[in-house]
Amino acid sequence: VPDDLLLGLKFIFGPSAVPALDLVDQRSVTRVMSPSGRTAYQVLGSSGKLYTCYSSCHFCTCPAFGFTVLQKSESLLCKHILAVYLSQAMGTCQELSVSEEQLTSILLAEEEDEG
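Each chain has its residues counted from 1, running along the sequence as written. In keeping with the model being predicted, local features are shown solely for residues with a pLDDT of at least 70 and side-chain atom pairs are shown and tallied solely at 80 or more, while totals for entire chains, interfaces and linings include all residues. Side-chain metrics rest on all non-hydrogen atoms present in the structure, leaving aside hydrogens and water.

**Quick word on the overall build of the protein chain**
Link 1 in the chain: Under the scheme used here, helices are H or I runs from DSSP no shorter than 4 residues and strands are E runs no shorter than 2 residues, and both carry numbers assigned from the N terminus. Assigned secondary structure in the protein chain consists of 5 helices and 5 strands.
Link 2 in the chain: Listing each helix as α and each strand as β along the protein chain from the N terminus yields α-α-β-β-β-β-α-α-β-α.
Link 3 in the chain: This radius of gyration counts C-alpha atoms alone. The globule rule is 2.2 Å times how many residues there are, raised to the power 0.38. The globule rule puts the C-alpha radius of gyration for 115 residues at 13 Å, and the 14 Å found for the protein chain is close to it.
Link 4 in the chain: On the principal axes, the C-alpha backbone points of the protein chain span a range of 45 × 30 × 25 Å.
Link 5 in the chain: When a residue's accessible area, from a 1.4 Å probe over protein chains only, is under 20% of the maximum for its type it is buried; when over 50% it is exposed; and in between it is partly exposed. Taking all 115 residues of the protein chain together, the buried fraction comes to 37%.
Link 6 in the chain: The criterion used for residue contact is that any of the two residues' heavy atoms lie within 4.5 Å. Restricting the contact set of the protein chain to residue pairs at least 6 apart, pairs at least 24 apart contribute 53%.
Link 7 in the chain: Of the roughly 6700 Å² of accessible surface on the protein chain, 57% is carried by carbon and sulfur atoms.
Link 8 in the chain: Neither His nor the chain termini are counted; the positive set is Lys and Arg, and the negative set is Asp and Glu. Just so you know, the charge point we use is NZ for Lys, CZ for Arg, CG for Asp and CD for Glu. Computed over 7 positive and 13 negative side-chain charges, the inter-centroid distance for the protein chain is 4 Å. Working definition of accessibility: Shrake-Rupley area with a 1.4 Å probe, residue cover restricted to the visible protein chains.

Dropping the structure here:
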């Protein structure tokens, strides 16, 4: 990433920019698609935990999103969602096709983790 673009990312997204680029470099973003066209993204975080992100509604299942974005309104997004957007723009997303049932299981597993 050229220096001027990196500075722009850091200016707009603050401390999330560099860790998000690290996730992109590590190819930690996977687009999960079902035959019906439903799509979610899974991002392997730096802690080794897998987070589910929804770019269509700008949401991530990580604790940082819940706290700094939703509760405190201190940030526009977490590093995982930014990594999804950057991976999309750079064409570096891993691709995983799953059945409708598998995608449902992925989504329900996230719900159970939160509940």
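**Here we look at the packing of helix 2 (residues 17-25) against helix 4 (residues 79-90)**
Link 1 in the chain: With axes taken as lines fitted to C-alpha atoms, and helix axes fitted only over the stretch in contact, angles between N-to-C directions fall between 0 and 180 degrees. Relative orientation of the contacting elements helix 2 and helix 4 amounts to 55°, with a least axis distance of 8 Å. If you check the angle between helix 2 and helix 4, you find them oblique. For the pair helix 2 and helix 4, the crossing hand works out as right-handed. Each of Ala17, Pro19, Ala20, Leu21, Leu23 and Val24 in helix 2 lies in contact with helix 4, whose residues at this interface are Lys79, His80, Leu82, Ala83, Leu86, Ser87 and Met90. For classification purposes, an angle smaller than 35 degrees is called roughly parallel, one larger than 145 roughly antiparallel, one from 65 to 115 roughly perpendicular, and anything else oblique. For any pair of crossing helices, the crossing counts as left-handed if the nearer helix is rotated counterclockwise from the farther one by less than a right angle, and right-handed if it is rotated clockwise.

**Observations concerning the UniProt feature "domain: SWIM-type" (unreviewed entry) in the protein chain**
Link 1 in the chain: UniProt positions are given in the numbering used here, feature names are shortened, and annotations may be inferred rather than shown by experiment. Here, UniProt's "domain: SWIM-type" (unreviewed entry) annotation points to residues 51-89.
Link 2 in the chain: End C-alpha to end C-alpha, residues 51-89 measures 20 Å, and it is 51% helix and 15% strand.

**Remarks on the sheet that holds strand 4 (residues 59-60)**
Link 1 in the chain: Strand pairing requires that DSSP identify at least two bridges connecting the strands. The strand order across the open sheet formed by 5 strands is 4-3-2-1-5, and the pairing between neighbours is mixed. Strand pairing shows two members of the sheet lacking a second neighbour, strand 4 and strand 5 (94-97), which therefore form its edges.

**Considering the pairing of strand 3 (residues 50-54)**
Link 1 in the chain: With 4 of 5 residues buried, strand 3 is to be regarded as a mostly interior element.
Link 2 in the chain: With 4 bridges connecting them, strand 2 (residues 39-44) and strand 3 associate as antiparallel partners. Paired with leucine 44 across the two strands is leucine 50, which belongs to strand 3.
Link 3 in the chain: Count of turn residues in the strand 2/strand 3 antiparallel hairpin: 5 residues, of which glycine 48 carries a positive phi of about 95°.

**So, the side chain of serine 34**
Link 1 in the chain: Within the secondary structure layout, serine 34 lies in the loop between strand 1 (29-33) and strand 2.
Link 2 in the chain: We call two N or O atoms a polar contact when they sit within 3.5 Å, provided that within protein one can donate a hydrogen and the other can accept it, with sequence-adjacent residues counted only if both atoms are side-chain atoms. A distance of 3.1 Å separates a polar atom in the side chain of serine 34 from a polar atom in the side chain of serine 36.
Link 3 in the chain: Side chain to side chain, serine 34 and glutamate 100 meet in a polar contact 3.1 Å long.
Link 4 in the chain: Every residue in contact with serine 34, bar those within four places of it in the chain, is listed here: Val98, Ser99, Glu100 and Leu103.

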